[in-house]
Amino acid sequence: MEPRWRTDRCIWLRRSKKRHVLHDARTAVFFYSRQSASQTNFLLPIRKSVGEFLPTPVPPVDTCGENLASSPLDERRNTATTASASNIAVTNEQIAQHLETLADLLEIQGANSFRTNAYRNGARRIRQLSEPIESLVARGVALTTLDGIGKSVAEKCYELIERGKLKQIEELLQVIPPSVLDLLQVPRLGPKKVAALFHQLHITNLEELRAACQAGRVRELAGFGAKTQQSILEGIAIASAANQRILWAQADDLVQELRHHFADCRAIRHLDFAGSYRRGRETVGDLDLLVDATDADTVMDHFAKFRPSATLSGRGPTKMSIRLDNGFAIDLRVVPPESFGSALQYFTGSKEHNVVMRQRAKDRGWKLNEWGLFVDDDAETRLEGASEQGIYKRLGLPFIPPELRENRQEFAWAEAGNLPVLIELADIRGDLHMHTTATDGAASIEEMAAAAKAHGLSYIAITDHSQRVAMARGLDPARLLAQWAEIDAINRRLGNSFQVLKGIECDILENGQMDLPDDVLAQADWVVASVHYGQTQPREQITARIIGAIAHPHVSMIAHPTGRLINRREPYDVDISAVMDAAAHHGKLLELNASPKRLDLNDIHLAAAAQRGIPIVINTDAHSIDGLEAMRYGIVQARRAGLTKRQVANCLPWPELKKLMGKKR
Ligand SMILES: [Zn+2]
Ligand SMILES: [Zn+2]
């Protein structure tokens, strides 16, 4: 399909099978709509500069993923901080994304990575700043005085503050079609490989990439091969899916923004969010907003004012839909109070859960729909509808928490009267995975401790990277021992009120050995073992590596056990069931990494691990003070797995957790 140019705004419309992609060639803005190809009249307004949904590639050499790339939490924090100060035109996150896009484009054009690393490092540094760059500049701070920000990065910052875009990106996009950047969303395709695909095979988008793989042309390129071609082909699905659903944490931000927006709408008596958001799924496809109001029109008029860049895609007497400029849909329904509970139940789903609910109604000679629970089809005989709890009660069930409504075990549990009492954020006592300025974190040990204490925790483990992760300045034995001496001193100052544990995130090397000597690991309170390199090893090899670490006498826990990044990178090809067997056998713990783009283990694996009696540890893997707030995302995931506080080891005080580990570590 030939691109069409609209010269007035320089919008390039490209058709693909499932969606339209609009590219503003001047600012590299991407707007994905999920309309079908027949709805060609659907054009979204182009308003903002590079925004929060611009794809950021997985770094070519991936270490911890979450630290070298951005954390969505930090992204959102920056946007949130700056959004509230309405005089800020360019957020730190937007600046960081521009710099990364520039680095990507330069590398695709053929620049060496030495040149582009300055921009990538600058982007990382800017994300870690707690104050908006724009207000720093307004205060007269020279940006080059900031650690990690050189002259070239500073100049780009000034240009972005002034113009909201970068001339250099505009020029690069004259020669590189913006859709080439989509290729970076394919797992394990870095800018260098994309450059080869673009220059040698003239591939400019995902569809062309798929065709080239199917024709066997990709494997013939130097540095690719048949295996790479196959993994690219598999990754194209992930890259396409990445545009369809957003992370739960991003949906949650939107929910908070909507709640804030509607706070002063007097017509609203009650408001709630249903759908997969309410069930806490790790990604969310759209938002369902239910409202009980005195006047539907007032609510809808108010809804129409949410984000000026949103588009109205439909409005009726009780239902209205808008689409954000990234294509994400929000549906609002005004529901009468006598049906609010049944509507909430109906729109929360899941479909599979509701099939069982409807059948239970049918078995009793009743009918259940979004309007209520009725005696047969007679709308006059509503038995229940105002309260969701009431619906469950009428159908002989206790209230089933939304996170469990997947028709897995919830009905069996409910029937047997042993629905689990799900874990809550307040149950968590410690956080056992986090990074500091010693490696790639943004805060000191003391700052992390103070912040964790303010969150109500009583202990944390400092687990910086080990030496193999050179990109993050991983710790060698000498630096690690020095850090532990510092921790001893900090603990003396803290007294009994709080404890900082001496930990390490030790790499499991490609050959299966631990990255630090045994006599060093033996001195730790807590050893986290992780795979960061050699993630693409064959199943047997990578499984053996992880099991070897589990058997290691000094290892306490395996971090992010499958290594997946949601929508971005598939899990390692690891036999997770063998890993669980080994963990159960050796009495080791498994992590639920709460970073919103990891959430690793996933809900299914967590439930399986808990069933085998393996204690789960929910950790934030924080790389900044704000990162500690990710704990709540982990809690949502743990609740989906049906976990109680008894199954989560960091709900225990440290002395008891230590006892739980026993002599095995
Ligand atoms: Zn890690
Ligand atoms: Zn980590």
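Above: the structure in question.
Criteria and cut-off values
Residues numbered from 1 in each chain as written. Chains lettered and ligands numbered in written order. Predicted model: local features only at pLDDT ≥ 70, side-chain atom pairs only at ≥ 80, totals over all residues. Helix = DSSP H or I, 4+ residues; strand = E, 2+ residues; numbered from the N terminus. Buried ≥ 20, exposed ≤ 12 C-beta atoms within 10 Å, placed from the backbone. Contact = placed C-beta atoms within 7 Å. Pairing = 2+ DSSP bridges. Axes fitted to C-alpha atoms, helices over the stretch in contact; angles between N-to-C directions. Parallel < 35°, antiparallel > 145°, perpendicular 65-115°, else oblique. Nonpolar A, V, L, I, M, F, W, Y, C, P; charged D, E, K, R; others polar. Core = buried A, V, L, I, M, F, W, Y, C linked by C-beta atoms within 7 Å. Domains from an automatic or database assignment. Left-handed = near helix turned anticlockwise from the far one by under 90°. Expected span 1.5 Å × (residues − 1).

Draft legend 1. Representation of the overall build of the protein. When its secondary structure is counted, the protein shows 24 helices and 21 strands. Looking at the protein as a whole, 50% of its 665 residues qualify as buried. For the protein, restricting intrachain contacts to residue pairs at least 6 apart in sequence, the fraction spanning at least 24 positions comes to 67%.

Draft legend 2. Structural detail: the sheet that holds strand 10 (residues 319-323). On the basis of which strands lie adjacent, the open sheet formed by five strands has the order 6-8-11-10-9 and mixed pairing. Edge positions in the sheet fall to strand 6 (268-273) and strand 9 (311-315), since each has one partner strand and no second. Each adjacent strand pair in this sheet contributes to an overall mean axis angle of 20 degrees, direction not counted. Alignment of strand 9 against strand 10, held across four bridges, turns out to be antiparallel. By the bridge assignment for strand 10, Gly314 is matched with Ser321. Contacts from helix 10 (residues 248-262) reach strand 6 and strand 8 (286-293) within the one sheet, and its direction differs from that of strand 8 by about 25 degrees. Running at roughly 175 degrees to strand 8, helix 13 (residues 340-348) makes contact with strand 6, strand 8 and strand 11 (329-334) of the sheet.

Draft legend 3. Representation of unusual backbone geometry in the model. In this structure, the amide linkage connecting Gly349 to the following residue, Ser350, adopts the cis form with an omega of -5 degrees. Tracing the sequence through the fold places Ser350 in the loop between helix 13 and helix 14 (351-363). Residue Asp600 is joined to Leu601 through a cis peptide bond whose omega torsion reads 15 degrees. Along the chain, Leu601 turns up in the loop between strand 20 (589-593) and helix 22 (603-611).

Draft legend 4. Here's a closer look at the packing of helix 20 (residues 539-551) against helix 21 (residues 576-586). For the pair helix 20 and helix 21, the least separation of the axes is 9 Å and the interaxial angle reads 10 degrees. Classified by the angle between their axes, helix 20 and helix 21 sit roughly parallel to one another. Listed contacts from helix 21 to Thr543, Ile546, Ile547, Ile550 and Ala551 of helix 20 are Ala578, Val579, Ala582, Ala583 and His586. Grouping the amino acids of the contact of helix 20 with helix 21 by side-chain chemistry returns eight nonpolar, two polar and no charged.

Draft legend 5. Quick look at the pairing of strand 12 (residues 366-369). Note: strand 12 against strand 13 (residues 372-375), four bridges, orientation antiparallel. Residue Trp366 lies in a different strand from strand 13, and its bridge partner there is Val375. Taking the residues between adjacent antiparallel strands as the criterion, strand 12 and strand 13 are bridged by two residues.

Draft legend 6. Expanded view of the nonpolar core. Residues Ile460, Ile546, Ile616 and Ile618 are the most contacted members of the largest nonpolar core, which totals 113 residues. When residues of this core are assigned to domains, at least three map to each of domain 3 (246-416) and domain 4 (425-664). Ile95, Ile126, Leu173 and Ile232 belong to the second-largest nonpolar core, a separate cluster that totals 42 residues.

Draft legend 7. Region of interest: the packing of helix 2 (residues 92-109) against helix 3 (residues 113-128). Contact geometry for helix 2 and helix 3: axes closest at 8 Å, N-to-C directions at 165 degrees. Relative to helix 3, the element helix 2 is oriented roughly antiparallel. By crossing handedness, the relation of helix 2 to helix 3 is classed as left-handed. Contact with helix 2, carried on its side by Asn92, Glu93, Ile95, Ala96, Leu99, Glu100, Leu102, Ala103, Leu106 and Glu107, involves Ser113, Arg115, Thr116, Tyr119, Arg120, Gly122, Ala123, Ile126 and Arg127 of helix 3 and no other residues of that element. In terms of residue class, the contact of helix 2 with helix 3 is built from nine nonpolar, four polar and six charged.

Draft legend 8. Molecular detail of helix 10. The terminal C-alpha atoms of helix 10 lie 21 Å apart, and with 15 residues this matches the ideal 21 Å at 1.5 Å per residue to within 8%. For helix 10, the full list of buried residues reads Trp248, Ala249, Gln250, Ala251, Asp252, Asp253 and Leu254.

Draft legend 9. Expanded view of the sheet that holds strand 21 (residues 616-619). Ordered by their spatial adjacency, seven strands build an open sheet running 15-16-17-18-19-20-21, and the pairing between neighbours is parallel. Lying at the two open borders of the sheet, with one neighbouring strand each, are strand 15 (430-431) and strand 21. When strand 20 meets strand 21, the two strands line up parallel, connected through four bridges. Along strand 21, the bridge assignment pairs Glu591 with Val617. Packed onto the sheet, helix 18 (residues 477-494) meets strand 16 (459-462) and strand 17 (499-507) and runs at close to 165 degrees relative to strand 17.

Draft legend 10. Inspection of helix 7 (residues 191-201) at higher detail. For helix 7, the set of buried residues is Pro191, Lys193, Val194, Ala195, Leu197 and Phe198. Tucked into the core, helix 7 has its buried residues touching helix 2 and helix 8 (206-214).

Draft legend 11. Up close: the environment of Thr228. Position of Thr228 among the secondary structure elements: in helix 9 (residues 225-241). Along the chain, Thr228 and Leu189 lie 39 residues apart, while their C-alpha atoms are 9.5 Å from each other.

Draft legend 12. Main features of the environment of Arg120. Here Arg120 shows up in helix 3. Spatially, the C-alpha atoms of Arg120 and Thr101 are 9.2 Å apart, while their sequence positions differ by 19 residues. With residues near it in sequence (within four places) discarded, Arg120 still touches Glu100 and Ala103.

Draft legend 13. Molecular detail of the pairing of strand 8. Burial runs high along strand 8: seven of the eight residues are buried. With five bridges connecting them, strand 6 and strand 8 associate as antiparallel partners. In the strand pairing of strand 8, Leu271 is matched with Val291. Examined bridge by bridge, strand 8 and strand 11 share six bridges and lie parallel to one another. Opposite Leu287, over in strand 11, you have Ile330 as the bridge partner.

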